[in-house]
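The residues making up each chain are set out below.
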Amino acid sequence: MTGAVRDVAAAPWAGLARFPLAVGPTPLVRAPRLEAALGLGPTLVKRDDLIGFGVAGNKTRPLEFLIGAALAQGARVFVTGGGPGSNFCAAAAMAARAAGLACELHVWGDPRSANLALATAAGATLVPTGGTVREQVDEQIAARVTQLGDGAYGVPRGGSTPLGAVGFAAGAAELAAQLDALQVRPGLIALPVGSGGSVAGLLAGLAAVGLDVPVLGVSVSRPLEEIRAKVDDLAAGCAALLGTAAPDPAQLTMVDARGPGFGSATDRERRHAREALWAEGLLLDETYGAEAFSAVVDLVDRPAGPVLWWHTGGLLPAFGSILKGPA
Ligand SMILES: Cc1ncc(COP(=O)(O)O)c(C=O)c1O
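Bear in mind that the values here come from a model prediction, so they are computed numbers and not experimental data.

K.L.:
What am I meant to see in the overall build of the protein chain here?
P.N.:
Looking only at helices and strands, the protein chain features 12 helices and 10 strands. For the protein chain, the C-alpha radius of gyration of 19 Å lies close to 20 Å, the compact-globule estimate for 327 residues. Along the longest, intermediate and shortest principal axes, the C-alpha atoms of the protein chain span 55 × 50 × 35 Å. Once local pairs closer than 6 in sequence are excluded, the contacts in the protein chain between residues at least 24 apart make up 76%. Counting every atom, the protein chain has about 12,700 Å² of accessible surface; 57% of that belongs to carbon and sulfur. Placing the 25 positive and 29 negative side-chain charges of the protein chain at their respective mean positions leaves the two points 4 Å apart.

Written as structure tokens, this is what we have:
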């Protein structure tokens, strides 16, 4: 394996500009009460919900490198965007402010949401596209960056670029070191997939550290063929950027968990989220956490080793789910 990659100074991302945000490593814990409550086998939880920067969850990881690149370029404005429920928008607003950058967020849909309220409170300027089409956001970001020139650093929605994915590649190395210390090897790693940067970086990072564990990506917003192509491209792009081993696409299986639609969980997913809250005090949102955790509960082929579920955060929307009342 891979000692060199796990050595922080020798890691392939060590030469990239990075603005520290996370308080890591995030905990890796067993969930015995949840295992008992739902009749699960050994279940490990990687607690990116406790990542230690705002309520930014997994999106803290890409932002360390994206904000790092913006500062290295000498930019003054971080330009990005998303939809009303975007955790990335709130995280980007806080991260930009912490780095002394202004933040401009291009947003589709109804901008009245907890995450966009937090983004505004953190000093970001919201620029509504006036439409309901996600793709419009990226076009608007690109046009704005062209207009502002070098003073602006632009990032598409979700921060899912090869450079952003480096954040999760570093997360994979963080996890590998924790697993080594515990002398545990999971049989599966499961996580939610939105714009794809997190799972892509995870695959690139697992290849870089030589950890050949199957990954289950739970798609919450896009049809499988669309998101799969994007994830494979991002994973390959991330590895190419780092000069590390090419990820093996066969390591990844994806399931479609869009159910009643982006941002809404089924009753079953909401019940599983309630069990996670009651058994372990874990807060799951309806868009990402409840879907991904439910896929873990409903696994048809349970692997021989423990299942590692990556809790990616989504804390602010999780409060919204709770306010909706019992599942
Ligand atoms: C809480 C949470 N989990 C998972 C994801 C999915 O990450 P990605 O967009 O990198 O696929 C997101 C995306 O915003 C998120 O906010």
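K.L.:
Explanation requested: the site of the ligand in the structure shown.
P.N.:
Around the ligand, the surrounding shell holds 15 residues, and the nearest of these are Asn 87, Gly 194, Ser 195, Ser 198 and Thr 312. At 2.7 Å from an oxygen atom of the ligand is found a side-chain nitrogen or oxygen belonging to Asn 87. Here Ser 195 contributes a side-chain N or O atom positioned 2.6 Å from an oxygen atom of the ligand. A majority-of-atoms criterion places the ligand in the largest cavity. Listing elements by their share of the shell around the ligand, those giving two or more residues are strand 7 (188-193) and helix 8 (197-209). Here the shell around the ligand is built from residues that sort into 3 nonpolar, 11 polar and 1 charged.

K.L.:
Help me out: how do you make sense of the domain arrangement of the protein chain in this one?
P.N.:
How large an interface is tends to be reported as the accessible area lost when its parts come together. The domain boundaries assigned to the protein chain delineate domain 1 (3-55 + 162-323) and domain 2 (74-159). Spacing between the C-alpha centres of domain 1 and domain 2 amounts to 24 Å. The largest contributions to the domain 1 side of the interface with domain 2 come from Phe 19, Phe 53 and Leu 316, which together make up 35% of the buried area. At the boundary of domain 1 and domain 2, one finds 0 salt bridges. Applying the counting rule to domain 1 against domain 2 returns 0 residue pairs in polar contact (both at pLDDT 80 or more). Breaking the side of domain 1 that touches domain 2 down by element, the ones donating at least two residues are helix 7 (162-182) and helix 12 (315-323). Its residues assigned to classes, the side of domain 1 that touches domain 2 comprises 9 nonpolar, 5 polar and 1 charged.

K.L.:
Got a minute to help me understand the UniProt feature "modified residue: N6-(pyridoxal phosphate)lysine" (unreviewed entry) in the protein chain in this structure?
P.N.:
The positions that UniProt labels "modified residue: N6-(pyridoxal phosphate)lysine" (unreviewed entry) are, in the present scheme, Lys 59. Mapped onto the secondary structure, Lys 59 falls in the loop between strand 2 (43-47) and helix 3 (60-73). When sequence neighbours within four positions are dropped, the list of residues in contact with Lys 59 reads Phe 88, Ala 91, Gly 158, Ser 160, Ser 195 and Ser 198.

The rules behind these values
- Residues numbered from 1 in each chain as written.
- Predicted model: local features only at pLDDT ≥ 70, side-chain atom pairs only at ≥ 80, totals over all residues.
- Heavy atoms only, no water.
- Helix = DSSP H or I, 4+ residues; strand = E, 2+ residues; numbered from the N terminus.
- Rg over C-alpha atoms; globule rule 2.2 N^0.38 Å.
- Contact = heavy atoms within 4.5 Å.
- Areas by Shrake-Rupley, 256 points an atom, 1.4 Å probe, with all protein chains shown as cover.
- Lys, Arg positive; Asp, Glu negative; His and termini not counted.
- Charge placed at Lys NZ, Arg CZ, Asp CG, Glu CD.
- Near = heavy atom within 4 Å.
- Polar contact = N/O pair within 3.5 Å; in protein donor to acceptor, adjacent residues only side chain to side chain.
- 1 Å grid on protein atoms, 1.4 Å probe; cavity = no way out; pocket = protein on both sides within 12 Å on 5 of 7 lines; lining within 4 Å.
- Sits in = over half its atoms within 2 Å of the grid points.
- Nonpolar A, V, L, I, M, F, W, Y, C, P; charged D, E, K, R; others polar.
- Domains from an automatic or database assignment.
- Buried area = accessible area lost by both parts, 1.4 Å probe.
- Salt bridge = Lys/Arg side-chain N within 4 Å of Asp/Glu carboxyl O.
- UniProt positions renumbered as here; feature names shortened; annotations may be inferred.

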